[in-house]
Amino acid sequence: MPDSAVRLVVAALALGFVAGLLLAWVFDWTPTGPEVTGPRDASDTGPGPQRAPNLVIAGFVVVAALAAAWLTFRATGPELNSTRSVAVMPFRTLGQSEADAFTDGIHVGVITRLSAVADLDVISRTSVLALRDSDQPLPALADALDVNWVVNVEVQQVGEEVLISARLVDARTDRQVWAEDYRRRLSAIDVFAVQGDIAGRIIDGINARLTNQEQRRVELAPTQSLDAYRLNQQGRLALERRTGQAMGEALAYFEQALTIDPQYAPAWAGVAETLSVQLAYGVIQDKGQLARAKLAIDRALALDPGLAEAWVARGLLEYLERRSPAALAAYERAVALRPGYAQAHSLKSFQLALQGQQVEAVESARQAVRLNPLAAEAWANLAAGMLTLGRWEEARDAARRTLELAPNWPNARFTNAMVLFHSGDPAAAAAQLEGLSMPWTGAGAEMLRGRALVRLGREAEARALLPTIEAMDDDYALAALQAALGERDAAFERLKAIETWDDWSTLTFRNLDGPLWNPAGDDERYAEVLDRVDASWGIDAGP
């Protein structure tokens with residue numbers, strides 16, 4: 001019985017229990033019908049009210065109570081398949097070391113298929129890879145990932161065959177629930193069939209619900225070419241690294257895959273996403289590549305409208321072209337198609353924050369952390385979101401977790417400083433920001449340090465930062481520090497001159513710096529600038 005139905009039945013029986021108890025207490029059954037129970041005169045020795053119907057009512061009460069208890073136990077008791085969070089650990093390669101890329105490709109395939117199922121919480125590949133070389137026992141690994149189920153798989157390539165051994169383990173009890181050995185020839189159809197079967201058996205073992213559409217995604221065979229499949233997976237693995245060189249390699253892999261199979265939708269999506277990421281990271285500057293990316297996206301979606309990766313690529317493209325509502329709509333479509341797609345949740349959260357939808361942004365950030373609990377970027381995003389809602393302690397906790405996961409990552413330090421500053425600790429923020437520069441924020445780190453110094457009464461040091469910020473050509477950072485120094489009129493004039501608002505200036509002006517620009521809540525200039533920010537991102541234009 002579905003959980004919702006169980007809860008409904010329990011609620012109905014609980015109400016019946018209360019009603020029956022009241023009836024039994026208040027009424028007696030007499031030859032003329034039910035009468036309100038009253039005190040009997042001690043001298044009255046005649047036949048009293050009949051109690052048999054009361055016994056019937058009491059019997060109903062007992063049955064209802066027992067049934068409610070039984071159903072409640074079924075719904076909340078120690079049922080093995082009650083929690084559907086699963087981590088597919090990195091697959092182990094046996095034998096040939098060169099089979100690693102092939103093994104990783106199968107791993108990606110299984111996770112992708114499972115993450116299309118809304119009834120599962122599937123931990124992202126990024127987080128499970130962080131534990132690839134861990135020697136912790138299984139319960140400890142499950143605790144680190146906050147899951148109840150773990151999948152372990154071994155892969156061995158022998159000549160023209162592949163041997164795969166898979167098992168599903170209940171992490172709470174370390175009990176193996178399902179295991180299967182596969183021996184298949186090396187062909188795309190067989191590899192996809194094994195991926196689909198492993199995913200299906202996991203879904204069955206966890207007792208997850210599956211829609212018809214999800215079933216089709218789980219069983220999908222997107223190409224009949226094993227070589228095209230291998231090249232596409234190598235492209236995905238290269239793109240994960242997010243370096244300029246790796247992005248170039250990824251693009252080459254995707255293009256080779258399309259040379260073999262021009263109808264391979266995931267490879268078209270790979271081309272589009274790689275071009276968009278290269279532009280977003282500044283690896284390439286040629287905006288003409290946007291047209292090429294758009295053609296690739298259109299081709300991917302024409303071949304497979306349900307391909308979540310293609311919708312993420314479309315979202316990135318719309319973001320680069322500064323059409324925020326269209327970008328958000330694309331990310332929402334990707335999440336609907338693949339509910340376990342951690343990257344799509346992160347991108348959706350970021351886009352919502354750009355539009356000032358803080359509550360929704362935090363909800364998406366939470367889901368991204370749930371699916372990718374060992375990713376510092378996801379925690380940094382959540383910390384910023386909590387900050388916009390004024391939830392200081394939760395923001396600090398998330399910022400500390402970011403630092404724990406990536407102590408040498410400059411953005412972790414910047415996020416922590418930002419949280420410290422806005423939650424009322426300018427001294428600690430200034431110390432964190434000493435010597436720090438964050439190119440993606442323009443002069444954001446320098447500006448924030450200057451504002452922290454102003455709060456500490458060290459205005460001369462803050463003013464000394466103005467020439468540095470001006471040389472960095474960041475009008476928003478310069479205006480914000482001017483406003484903090486009391487030059488709000490000049491600062492607003494500088495804001496009005498900004499034509500294109502970048503990510504950081506949009507995020508901080510809209511979500512964090514309201515008290516700086518509009519402390520009394522009645523400055524019309526603030527609303528005017530906010531309208532300009534919206535126009536810069538095409539927010540008024542709609543999706």
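Here, every reference points to the structure presented above.
Structure report, in brief. (Residues numbered from 1 in each chain as written. Predicted model: local features only at pLDDT ≥ 70, side-chain atom pairs only at ≥ 80, totals over all residues. Heavy atoms only, no water.)

1. Quick notes on the overall build of the protein
Each helix and strand counted, the protein has 27 helices and eight strands in total. A total of 543 residues make up the protein; the buried ones form 49% of that total. Put simply, 62% of the contacts in the protein that link residues at least 6 apart link residues at least 24 apart. A total accessible area of about 25,000 Å² is found for the protein, and carbon and sulfur atoms account for 54% of it. (Helix = DSSP H or I, 4+ residues; strand = E, 2+ residues; numbered from the N terminus. Buried < 20%, exposed > 50% of the residue type's maximum accessible area, 1.4 Å probe, protein only. Contact = heavy atoms within 4.5 Å. Areas by Shrake-Rupley, 256 points an atom, 1.4 Å probe, with all protein chains shown as cover.)

2. Comments concerning the side chain of Glu309
Along the chain, the position of Glu309 falls in helix H12 (residues 308-320). The class for Glu309 is buried, based on a relative accessible area of 14%. Reaching out from Glu309, the side chain makes a polar contact with the side chain of Arg338 at a distance of 3.0 Å. Look past the residues within four positions of Glu309 in its chain and what remains in contact with it is Thr112, Arg236, Ala269, Glu273, Arg338 and Tyr341. (Polar contact = N/O pair within 3.5 Å; in protein donor to acceptor, adjacent residues only side chain to side chain.)

3. Thoughts on helix H6 (residues 188-206)
One turn of an α-helix holds 3.6 residues; hence residues three or four places apart share an orientation. Given a rise of 1.5 Å per residue, 19 residues ought to cover 27 Å, and the 27 Å separating the end C-alpha atoms of H6 matches this to within 8%. After H6 finishes, the residue Asn207 shows a positive phi value of roughly 65°. (Expected span 1.5 Å × (residues − 1).)

4. Focus: the packing of helix H24 (residues 488-496) against helix H27 (residues 524-536)
Two numbers describe how H24 lies on H27: the axes approach to 10 Å, and their chain directions differ by 20°. The orientation of H24 with respect to H27, classified from their angle, is roughly parallel. Handedness of the crossing formed by H24 with H27: left-handed. Mapping the contact onto sequence places Arg488, Asp489, Phe492, Leu495 and Lys496 in H24 and Arg525, Tyr526, Glu528, Val529 and Arg532 in H27. (Axes fitted to C-alpha atoms, helices over the stretch in contact; angles between N-to-C directions. Parallel < 35°, antiparallel > 145°, perpendicular 65-115°, else oblique. Left-handed = near helix turned anticlockwise from the far one by under 90°.)

5. What to know about the pattern of salt bridges
Within this structure, the stated rule accounts for 35 salt bridges. For Glu154, the salt bridge goes to Arg92, with nearest N and O atoms at 2.6 Å. One end of the pair, Glu154, is in strand S6 (residues 149-158); the other, Arg92, is in strand S4 (residues 92-94), and 62 residues separate them in sequence. Measuring nitrogen to oxygen at the nearest pair gives 3.6 Å for the salt bridge that ties Asp475 to Arg494. Taken together, the positions of Asp475 in helix H23 (residues 475-484) and Arg494 in helix H24 put the pair 19 residues apart, joining distant regions of the chain. Of the residues examined, Asp475 reaches a relative accessible area of 32% and is grouped as partly exposed. (Salt bridge = Lys/Arg side-chain N within 4 Å of Asp/Glu carboxyl O.)

6. With respect to the packing of aromatic side chains
What describes a pair of aromatic rings is the distance from one ring centre to the other and the angle between the planes of the rings. Applying the stated criterion across every chain yields a total of twelve aromatic pairs. For the pair Trp440 and Trp504, a centre-to-centre distance of 5.8 Å together with 80° between the ring planes defines the contact as edge-to-face. Note that Trp440 is positioned in the loop between helix H19 (426-433) and helix H20 (444-455) and Trp504 in helix H25 (residues 503-511), a separation of 64 residues in sequence. You can call Trp440 partly exposed: its relative accessible area is 39%. Ring plane angle 40° and centroid distance 5.0 Å describe the contact between Phe509 and Tyr526, whose orientation is recorded as tilted. Linking Phe509 in helix H25 with Tyr526 in helix H27, this pair joins segments that are 17 residues apart in sequence. Above the face of the Trp537 ring, Arg322 is positioned so that its terminal group lies 3.9 Å from the ring centre. The ring of Tyr341 carries Arg338 above its face, with NZ or CZ at 3.9 Å from the centroid. (Phe/Tyr/Trp six-rings, centres within 6.5 Å; stacked < 30°, edge-to-face > 60°. Lys NZ or Arg CZ within 6 Å of the ring centre and 35° of its normal.)

7. Brief notes about the nonpolar core
Of all hydrophobic cores here, the largest spans 143 residues; its most connected members are Ile202, Leu495 and Trp517. Apart from residues no more than four positions distant in its own chain, Leu495 is found in contact with Tyr476, Ala479, Trp501, Phe509, Trp517 and Val529. In this structure, Ile123, Leu131, Ala142 and Val150 belong to the second largest nonpolar core, which totals 14 residues. (Core = buried A, V, L, I, M, F, W, Y, C linked by side-chain atoms within 4.5 Å.)

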